[in-house]
Amino acid sequence: MPRAIISVSDKAGVVEFSASLADLGWEIVSTGGTAAALREGNVPVTGVGQVTDFPEMLGGRVKTLHPLVHAGILARQRVTSDMEQLREAGIAKVDLVAVNLYPFRETIARESVTLAGALEQIDIGGPTMLRAAAKNHDSVWPVCDPADYERVLEAIRGGEDETGLRRTLATKVFRHTATYDAAIAGYLGASDREADRDLLPPELMTSLTRVQSLRYGENPDQQAAFYRDASRAPRGIPALEQLHGKELSYNNLLDVDGALGAISSFWDSNRPACVIVKHTTPCGIAVGRSPLEAYQKALACDPISAFGSVIAFTEPVTEAVAEVLVELFVECVVAPGYAEAALQILQAKKSLRILRPGELEDLRSSRGHLWSGLEARGVRGGLLVQSAPESVKPVGLADAPSVTVPTSRAPSENEWADLAFAWTAVQSVKSNAILLAREGASIGIGAGQMSRVDAVRLAVQKARDGEHELQGSVLASDAFFPFRDGVDAAADAGVTAIVQPGGSVRDEEAVAAADERGLTMVLTGRRLFRH
């Protein structure tokens, strides 16, 4: 009689599966709660204690860890010596192992979970049996997913090729146990990463679970899916609540991430902020006395590029904002809330994706990254990982210890305010990045250029296209000026103050150019480059 060991946390379909095996003449061996469920379903069951002649102990921690179980699983049924040893020891072979594991990932997804509670949900016997069955899949069916029950039954009945299915199931088991262990390692190691004790260890693991399959990637001929870190509760983009609109696409998700990153530094500002993102970089960013004013100022920076954008707000969207927002084609809106009237107006746009963030703290810090405190980017054959940058805030620039003013003229009070805004806003622009600002709003942005002077010229041109007043504006540069030409181009346009990291061998040349043209220059000592 073939023997199946069945011990599952997720009991979906297990009674029907076990009953079908029993009808085919199989003996069912099971443990604790699974055995009780099967008996309730009138499936004949042999308790694992009857097989091992040893009771479950330590509160269920030890049930299947026994040679009488594992020898039966690991015995190669086509190897004569293995089968002889089983007969000599009086051990019955095992032909199928159906196990799914303690719900560790579901447990740690609850914010209230304690370490003790999480540790009790680390399965030991289940992964051991699954891995043994998968190693010996030529002889033993390894089943970890209830969705595979019917396929296995069909194959046992002779309706499907066994060899390919056995290999598929074994692969699935090792992927399942690997991600399960990675979730445990991620959970236990999170405190070390957050304390910077083990930020970039020699081996970096994560357990990713698919949030959704996407229609396609950046282009229609590319497959795509969205995954999240399964070692903790959903944070950042996976925690977004979609209130309306079409399913988010691959490019939507990238732009939403860019918008949340761009506006993250303004969450704690005492003024409402708005950012408009296109192709992951801002084409307008502003603060105002109201969400409406912030939106109007951000839109004025580059209204042409705003077509098909993602727009994020730090405060709930009001009816007044919604009334003007629907005049523009927008892919997604992200805000911490929506007035009821605003929601009704926005929902008239059937395709508009209306989103609300989860825990705002995840957006104010690096907690929302794939690994807490780390950023990752795939390259051919590898993964680049770095610590997430500390966000620049729109306050305290003048008092920061690393900030210096090397020019003969110091910024005025108004210039300091605009420089602080511009320095905060430029950190989310792709390099080479130049951002022109005045009165709490970007008026021209130069992004992604191969030379810094071209980024300055592009920002100036964008400002002129928008008919913005350039005289008396300020400029933020995410990295140093390698030559004085960028400073001269800014001065020619009417810029009166510049903030930049410094650090070039030609810093003195840039400072001299600023002095010659009557500009004030602030060096922060920190680069904000986004490659």
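On a predicted model such as this, the values are computed, not experimentally measured, just so you know. (Residues numbered from 1 in each chain as written. Predicted model: local features only at pLDDT ≥ 70, side-chain atom pairs only at ≥ 80, totals over all residues. Heavy atoms only, no water.)

Asks: Explain helix 9 (residues 149-156) to me, please; I cannot follow it from the model alone.
Replies: Residues spaced three or four apart along an α-helix face the same direction, because each turn holds 3.6 residues. Within the sequence span of helix 9, burial applies to Y149, V152, L153 and A155. Buried residues along helix 9 cover an arc of 160° about the axis, so they all sit on one side. Remark: G158 follows helix 9 within two positions and exhibits a positive phi of approximately 100°. (Buried < 20%, exposed > 50% of the residue type's maximum accessible area, 1.4 Å probe, protein only. Helix = DSSP H or I, 4+ residues; strand = E, 2+ residues; numbered from the N terminus. Arc of directions from axis to C-beta.)

Asks: Explanation requested: the side chain of R166 in the structure shown.
Replies: Secondary-structure assignment places R166 in helix 10 (residues 162-194). Among the polar contacts made by the side chain of R166, one reaches the main-chain carbonyl oxygen of H137 at a distance of 2.8 Å. (Polar contact = N/O pair within 3.5 Å; in protein donor to acceptor, adjacent residues only side chain to side chain.)

Asks: Can you help me understand helix 5 (residues 80-89) in this one?
Replies: Restricting attention to buried positions, one finds in helix 5 the residues D82, M83 and L86. Along the long axis of helix 5, the arc covered by the buried residues comes to 95°, so they all point the same way. The exposed set on the far side of helix 5, more than 90 degrees from its buried face, consists of T80, Q85, R87 and E88. Those residues of helix 5 that are buried are in contact with helix 4 (67-74). (Contact = heavy atoms within 4.5 Å.)

Asks: Help me understand the sheet that holds strand 3 (residues 46-47), please; the structure alone is not making it clear to me.
Replies: Within a sheet, adjacent strands bond to each other through the backbone by hydrogen bonds, running parallel or antiparallel. The strand order across the open sheet built from five strands is 3-2-1-4-5, with neighbouring strands paired in parallel fashion. Each edge of the open sheet carries a strand with a single partner, namely strand 3 and strand 5 (141-143). Relative to strand 5, helix 9 is tilted by about 165°, and along the sheet it contacts strand 1 (3-8), strand 4 (96-100) and strand 5. (Pairing = 2+ DSSP bridges. Axes fitted to C-alpha atoms, helices over the stretch in contact; angles between N-to-C directions.)

Asks: Mind showing me how you'd approach the packing of aromatic side chains here?
Replies: We describe a pair of aromatic rings using the distance from one ring centre to the other and the angle between the two ring planes. Tallied over the entire structure, the rule returns four aromatic pairs. Judged by centre distance (6.3 Å) and plane angle (40°), the rings of Y295 and F313 are tilted. Within this pair, whereas Y295 is found in helix 12 (residues 291-301), its partner F313 is found in strand 11 (residues 309-313), the two being separated by 18 residues in sequence. The burial state of Y295 is the same as that of F313; both residues are buried. Seen in terms of ring centroids, F307 and F329 are 5.1 Å apart; in terms of plane orientation they differ by 50°. Their pairing is tilted. (Phe/Tyr/Trp six-rings, centres within 6.5 Å; stacked < 30°, edge-to-face > 60°.)

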